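Architecture at a glance
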Amino acid sequence: MGRVTQRRKIHRFVLDGSPQALEHPVRFREDFLAVEEPLEVRLGHLSFSVTMRTPGDDFDLVAGFLVSEGVIWDAEQLISLRFCAGEDENGVQTFNVVEAQLRPDVVLPEIGRNVYTSSSCGICGTDSIEAVRKSSHFNAADDPLAIPVEVLASLPDRLREAQAVFDKTGGVHAAGLFRMHDDGEPELLCLREDVGRHNAVDKVVGWALREGLLPLRGTVLQVSGRASFELVQKAALAGIPVLAAVSAPSSLAVELAQDTGLTLVGFSRGTSLNVYAGSDRVGVPATL
């Protein structure tokens, strides 16, 4: 399997004015980088899409991507996943092509065109929201999940504590799926890291699909970056009722969250957070 991190020799410049820095301003050392490689997704023998990703959990990535595209929504629709033969210039297997075999009754998308997840595809916001609505088989609006605001605010720290690749490289996004228990305590069900924030979410959704857990009722998806339209789309199509981000949402992300009944949280950073849609699910402490 492809590497997740890679060692590289670097020149480190130190400019803090210390005696050591003045004497040796340039230092030679090794650093760890997050690996980024292309992954081609094939439906049968036909090429469907190519994405740049961090190798690892590739079957989850492909399964989640197909959910996010509205192609499948049930584990039984996905017959198999396999790596196709592919070698680099040294004759080493690259594991950079995955072929998905779908059930015969699954309607195949337009091959070679990623319609809904491209920000440059030329369709307007209203059309984008309508496309997600037509593709969705789950309804987040009727999910009765209620989550105390202090628990919701604690999720970024819980996510960060589990980010092993980020600890090593500082160069990956993370997505964590939390389930709320009856006592109000969150349980981290799945965490995935990737150079692409969309890939990290797809890996989580794909894991859930392959485990037979869709729709993901009663869960919160916590992400380490911003909340784009595409991340709300992925959450909605997986039946996730709450999406929380440590940074800002986009305007179209908020519109889609409102339209699909999703709770959308931004700037969640431990001591404060903003709720942009679905605030009825967030419980306010009795002292407020």
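Refer to the preceding data block for the structure.
Keep in mind it's a predicted model, so treat the numbers as computed, not measured. (Residues numbered from 1 in each chain as written. Predicted model: local features only at pLDDT ≥ 70, side-chain atom pairs only at ≥ 80, totals over all residues. Heavy atoms only, no water.)

Across its full length, the protein chain carries 8 helices and 14 strands. Within the protein chain, residue pairs in contact and separated by at least 24 positions form 55% of the contacts whose partners lie at least 6 positions apart. Accessible area of the protein chain: about 14100 Å², with a carbon and sulfur share of 50%. (Helix = DSSP H or I, 4+ residues; strand = E, 2+ residues; numbered from the N terminus. Contact = heavy atoms within 4.5 Å. Areas by Shrake-Rupley, 256 points an atom, 1.4 Å probe, with all protein chains shown as cover.)

At a minimum axis separation of 10 Å, helix 6 (residues 197-210) and helix 7 (residues 229-237) run at an interaxial angle of 5°. Relative to helix 7, the element helix 6 is oriented roughly parallel. Each of Arg197, His198, Val201, Asp202 and Val205 in helix 6 lies in contact with helix 7, whose residues at this interface are Glu230, Leu231 and Lys234. Residues of the contact of helix 6 with helix 7, tallied by class, amount to 3 nonpolar, 1 polar and 4 charged. (Axes fitted to C-alpha atoms, helices over the stretch in contact; angles between N-to-C directions. Parallel < 35°, antiparallel > 145°, perpendicular 65-115°, else oblique. Nonpolar A, V, L, I, M, F, W, Y, C, P; charged D, E, K, R; others polar.)

We now examine the sheet that holds strand 9 (residues 186-194). In space, the 6 strands of this open sheet follow the order 9-8-10-11-12-13, with mixed pairing throughout. Two strands lie at the open edges of the sheet, namely strand 9 and strand 13 (274-277), each paired on one side alone. Pairwise comparison of adjacent strand axes, ignoring direction, gives a mean angle of 20° for this sheet. Contacting strand 8 (173-180), strand 9 and strand 10 (219-223), helix 6 runs over the sheet at an angle of about 130° to strand 9. (Pairing = 2+ DSSP bridges.)

Turning our attention to unusual backbone geometry. A cis amide bond, omega 0°, links Leu214 with the succeeding residue Pro215. For Pro215, the position within the fold is in the loop between helix 6 and strand 10. Residue Asp57 is not a glycine yet carries a positive backbone phi of 55°. Take Asp57: it is sitting in the loop between strand 4 (46-53) and helix 2 (58-68). A relative accessible area of 38% means that Asp57 is categorised as partly exposed. (Buried < 20%, exposed > 50% of the residue type's maximum accessible area, 1.4 Å probe, protein only.)

In terms of burial, strand 10 is a largely internal element, 5 of the 5 residues being buried. The alternating pattern of strand 10 places Thr219, Leu221 and Val223 and Val220 and Gln222 on opposite faces, both of which are buried. Pairing of strand 8 with strand 10, which is carried by 5 bridges, proceeds in the antiparallel orientation. Its bridge partner being in strand 10, Ala175 is matched across the sheet by Val223. As judged from the 4 bridges shared by strand 10 and strand 11 (residues 242-245), these two strands associate in the parallel manner. Bridged to Val220 within strand 11 is Val242. With helix 7 bridging strand 10 and the parallel strand 11, this β-α-β connection has right-handed handedness. (Right-handed = clockwise from strand over helix to strand, strands pointing away.)

It is worth spelling out the packing of aromatic side chains at this point. For the structure on display, the rule yields 3 aromatic pairs. When the centroid spacing of 5.6 Å and the interplanar angle of 50° are considered together, the rings of Phe48 and Phe65 count as tilted. You can see Phe48 sitting in strand 4 and its partner Phe65 sitting in helix 2, a full 17 residues away along the chain. The rings of Phe59, Phe83 and Phe95 are connected pair by pair, giving a single aromatic cluster. Geometry around Phe32 places Lys168 over its ring, the cationic atom sitting 4.5 Å from the centre. (Phe/Tyr/Trp six-rings, centres within 6.5 Å; stacked < 30°, edge-to-face > 60°. Lys NZ or Arg CZ within 6 Å of the ring centre and 35° of its normal.)

Nonpolar side chains in soluble globular proteins tend to end up buried together. Core analysis: the biggest nonpolar cluster contains 53 residues, and Leu66, Ile72, Leu102, Leu243 and Leu264 have the highest contact counts within it. By residue number, the principal contributor to this core is helix 6, which donates 7 residues. Once residues lying within four places of it in the same chain are set aside, the contact partners of Leu102 are Leu43, Leu66, Val71, Ile72, Gln77, Leu78, Ile79 and Leu108. The next biggest cluster of nonpolar side chains, apart from the first, holds 15 residues, and it includes Ile147, Ala153, Leu155 and Val242. (Core = buried A, V, L, I, M, F, W, Y, C linked by side-chain atoms within 4.5 Å.)

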